[in-house]
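# Structure assessment
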Amino acid sequence: MSHLLAFADPALTLPDSLRRALAARGYETVMPVQAAILAEAARGRDLLVSSPTGSGKTIAFGAAMAETLLATPARAADKAAPPRALVVVPTRELAIQVREELAWLLAHTGWRLTSFTGGTAVSGDLRALRRGVDIAIGTPGRLCDLLRREALALGGLAVVVLDEADEMLDLGFREDLETLLGAAPATRRTLLFSATLPAPIRALARRFQRDALAIDPRRAPRAADGPGESPARAAFGGGAVAPAHEDITFVTHLIAGDDRLAAVVNVLRASGAGRAIVFCTTRDSVGALHRELTGRGFAATAISGERAQAERDRALDQLRQGEARVLVATNVAARGLHLPDVDLIVHADLPLNVESLTHRSGRTGRAGRKGTAVVLASLAERRKAERLLAAARIPVAWTPPPSAPAIAAAARARLGDELAADPAAAGGATVADDHGVDDLLAQLADRLPIAALARRLLARELARLPAGEKLLPVPLPAAAGARKAPGGGHQPPARRPPHSDFTREGVLFRVNIGAQNQADPRWLLPLICRRGGVTRREVGAIRVGPRETLFEIAGEAAGDFALAASQGDPRAPHVRVERVERGGGRPRG
């Protein structure tokens, strides 16, 4: 039996309002995890879902949330009541993506959705909560902050979703998750999603879920940690990720943290693509990048989920008619839109999962045409990018983005090809003398040699060509740093098991934040992981001093961590991380 079912199938427990939203969006088939979660056997139950990234989980838990909320008494929209549903995710970027995805899926319900994440003013969160929120989406740290301020009340929750739970534990958010789940009513429905189910995830599920149904698209559903199998007749397919499209060439560029814009500009300059799509994670990133590209002379347009339909249609028409060469977009352009032939895809922001990578990249290399997909990753994102690409079975060979000299050389070559081409052979007309070319050439020949004239004209033409951006040098990892993965891709080197201290094997670092800055290991751990591109398994003891904090990084990850941490973080430019030689390991007072 095929696992590709129609969302219109009455066997799926899906509200009519969601069916309309999915049909309007162009969704026709159900992914295996969606079929399992929407099946009658899963209706109303706590779920422990083990599913690979990119499996369509957001639509799945959005539909499950809607099913639960529609079964509970409604409330007046003008009352600033506490949220009825909570979605907890590991990163700000994923929170924004989930909010945008749920916004169109639940558009016909009238529910109010708001995201609460770090890196934004807490005053805006407080105002949103005073106005009232039906579905709160946020990161553990900010949600716990609002809970401690007594601004966020969780007593009215009917359903809680933990998305990417394994990554949240890797980033050190265990205590925050326990705080949030402990503050929610015991009668709530809990949906826990995790790409893997290690022992800490199963322990979390046993503590906070009730008779959860375990779902894995590669196996039949069963009671969590139970021996028996459920009689549910949901359709399941293979859990393997399909290999990358054979007509798409993937290119991976490693960049300095502040060079993302410059790298995008240089990739576009060097490609000479007729049409390109540059994907960003958030609408704010789309707007900022679009302004920068148009300011540099690119014929660019932009679309994102919050823009009016007329504005989006206008942007797509500009691309189709050739008025724009570059489309800057969120994942709204990754599927469901009719676009002309696209030669180049640029992942300016790293895709959040394999599904996003696949659908974004699939905008090129269509109908037998060849295409190129470029993935940009900073040093701090390198390991995450390698895991993502390995899951998609895409080989990784890190290279620097095109340099300014390389772009100039490519521009000269293209100009030479254009001048040397025979217009008639290309279907064009020969240069007619009614333009006065021959007369002007005869006049100029009396004043300077033809070679000098050609030199001046070429210099003028080359000066008009756009130049590349200057890039900071970035050390590239050795080719032996990754090993072959099944299916031809690469995966990062094996990780060591978690340790509480790496005193013998770890490398010592310091960060210029201490007790005087209210430093606490609970929020320092996510900062360290994000800054250096590591997981909590590679972070050892954290010792907070008055003015600075010392911490250890596992030996095999220390080199990559030092490179990534040295790049700085635009979100915390005052935070400095440096390596400490052994013997100087006491925090300074």
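What you see is a predicted model; the values in this text were computed from it and never measured. (Residues numbered from 1 in each chain as written. Predicted model: local features only at pLDDT ≥ 70, side-chain atom pairs only at ≥ 80, totals over all residues. Heavy atoms only, no water.)

The subject of this paragraph is the overall build of the protein. Along the protein, the regular secondary structure elements total 19 helices and 23 strands. Counting only residues that meet the buried cut, the protein has 49% of its 589 residues in that class. Considering only contacts within the protein whose residues lie at least 6 apart along the sequence, 75% involve residues at least 24 apart. Approximately 27400 Å² of the protein is accessible, and the part contributed by carbon and sulfur atoms is 52%. (Helix = DSSP H or I, 4+ residues; strand = E, 2+ residues; numbered from the N terminus. Buried < 20%, exposed > 50% of the residue type's maximum accessible area, 1.4 Å probe, protein only. Contact = heavy atoms within 4.5 Å. Areas by Shrake-Rupley, 256 points an atom, 1.4 Å probe, with all protein chains shown as cover.)

Another point: the packing of aromatic side chains. Note on aromatic pairs: each is described by the distance of the centres and the angle between the planes. According to the stated counting rule, one finds 4 aromatic pairs in the structure shown. Aromatic pair phenylalanine 509 and phenylalanine 561: ring centres 4.9 Å apart, planes at 70°, arrangement edge-to-face. Placement of phenylalanine 509 in strand 20 (residues 507–511) and of phenylalanine 561 in helix 19 (residues 555–565) is noted, with a sequence separation of 52 residues between them. Considering the side-chain rings of phenylalanine 551 and phenylalanine 561, the 5.7 Å spacing of their centres and the 80° angle between planes classify their relative orientation as edge-to-face. One end of the pair, phenylalanine 551, is in strand 22 (residues 549–553); the other, phenylalanine 561, is in helix 19, with 10 residues separating them in the sequence. Look at phenylalanine 561 and you get buried, because its relative accessible area is 1%. Among the aromatic side chains, those forming a connected cluster through ring pairs are Phe509, Phe551 and Phe561. (Phe/Tyr/Trp six-rings, centres within 6.5 Å; stacked < 30°, edge-to-face > 60°.)

Our focus in this paragraph is the environment of alanine 408. As for its position among the elements, alanine 408 is in helix 15 (residues 404–420). Here alanine 408 falls in the partly exposed class, since its relative accessible area comes to 33%. Residues alanine 408 and alanine 270, 138 residues apart in the sequence, show an inter-C-alpha distance of 8.5 Å.

Below, the discussion takes up the nonpolar core. One finds Leu162, Ile553 and Phe561 to be the most contacted residues of the largest nonpolar core, which totals 54 residues. Grouped together as the second largest cluster of nonpolar side chains are 45 residues, Leu12, Ala36, Met65 and Trp104 included. (Core = buried A, V, L, I, M, F, W, Y, C linked by side-chain atoms within 4.5 Å.)

Positive phi is not limited to glycine here, since aspartate 211 has a value of about 45°. Among the residues examined, aspartate 211 registers a relative accessible area of 59% and is labelled exposed. Its identity as a non-glycine residue notwithstanding, glutamine 518 has a phi of 60°, on the positive side. Within the secondary structure, glutamine 518 is located in the loop between strand 20 and helix 18 (521–532).

Turning our attention to the sheet that holds strand 23 (residues 577–579). Within the open sheet, the 4 strands sit side by side as 21-22-20-23. Their pairing is antiparallel. What marks the edges here is a single partner per strand, and that holds for strand 21 (539–544) and strand 23. Neighbouring strand axes in the sheet, compared pairwise and without regard to direction, differ in orientation by 25° on average. Sheet analysis places strand 20 next to strand 22, joined by 5 bridges and oriented antiparallel. Among the inter-strand pairings, valine 511 is bridged to a residue of strand 22, identified as threonine 549. In this fold helix 18 packs onto strand 21, strand 22 and strand 23, with an angle of close to 130° to the strand it touches most, strand 21. (Pairing = 2+ DSSP bridges. Axes fitted to C-alpha atoms, helices over the stretch in contact; angles between N-to-C directions.)

Before going further, it helps to spend a moment on helix 9 (residues 199–208). Of all the positions in helix 9, only Ile201, Arg202, Leu204, Ala205 and Phe208 are classed as buried. Considered in projection along helix 9, the buried side chains sweep an arc of 155° and stay on one side of the axis. Opposite the buried face of helix 9, at more than 90 degrees from it, the exposed residues are Ala199, Arg206 and Arg207. (Arc of directions from axis to C-beta.)

Look at helix 3 (residues 57–70): 20 Å from first C-alpha to last across 14 residues, which is about the 20 Å you get at 1.5 Å a residue. Most of helix 3 is tucked away, with 13 of its 14 residues classed as buried. (Expected span 1.5 Å × (residues − 1).)

Scored by pLDDT, the protein has a mean of 80; 81% of the residues are at 70 or more. When the criterion is pLDDT under 50, residues 225–244 qualifies, and its contacts beyond four places in sequence or with other chains add up to 48 contacts. Predicted confidence is poor over residues 480–500, with pLDDT under 50, and the contacts of this stretch with residues over four places away or in other chains come to 42 contacts. (pLDDT = per-residue confidence, 0-100.)

What follows concerns the pairing of strand 15 (residues 344–347). Every second residue of strand 15 is oriented toward a common face, with Leu344 and Val346 on one face and Ile345 and His347 on the other, all of them buried. Direction of pairing for strand 12 (residues 276–279) relative to strand 15: parallel, over a ladder of 4 bridges. Bridging from a neighbouring strand, phenylalanine 279 pairs with histidine 347 of strand 15. Note that strand 15 and strand 16 (residues 371–378) share 4 bridges and pair parallel. When the sheet's bridge partners are listed, leucine 344 is paired in strand 16 with threonine 372.

A word on the side chain of glutamine 97. By secondary structure assignment, the location of glutamine 97 is in helix 4 (residues 92–105). Taking relative accessible area as the criterion, glutamine 97 reaches 17% and is therefore assigned buried. A distance of 3.4 Å separates polar atoms of two side chains, one belonging to glutamine 97 and the other to asparagine 331. Once residues within four sequence positions are removed from consideration, glutamine 97 is found in contact with Asn331, Leu352 and Asn353. (Polar contact = N/O pair within 3.5 Å; in protein donor to acceptor, adjacent residues only side chain to side chain.)

All right, on to the pairing of strand 21 then. Note: strand 21 against strand 22, 4 bridges, orientation antiparallel. Bridging across to strand 22, valine 539 finds its partner in isoleucine 553. Counted along the chain from strand 21 to the antiparallel partner strand 22, the turn is 4 residues long.

With that settled, consider the side chain of threonine 281. Residue placement: threonine 281 occurs in the loop between strand 12 and helix 11 (283–295). The class for threonine 281 is buried, based on a relative accessible area of 8%. Every residue in contact with threonine 281, bar those within four places of it in the chain, is listed here: Glu93, Glu100, Thr330, Asp349, Leu350, Leu352 and Arg360.

Pairing between the strands of a sheet is mediated by backbone hydrogen bonds and can be parallel or antiparallel. On the basis of which strands lie adjacent, the open sheet formed by 7 strands has the order 13-14-12-15-16-11-17 and parallel pairing. Either end of the sheet is taken by a strand with one partner, and the two such strands are strand 13 (300–303) and strand 17 (398–399). As paired strands, strand 13 and strand 14 (residues 326–329) are joined by 4 bridges and run parallel to one another. Within strand 14, the position partnered with isoleucine 303 by the bridge is alanine 329.

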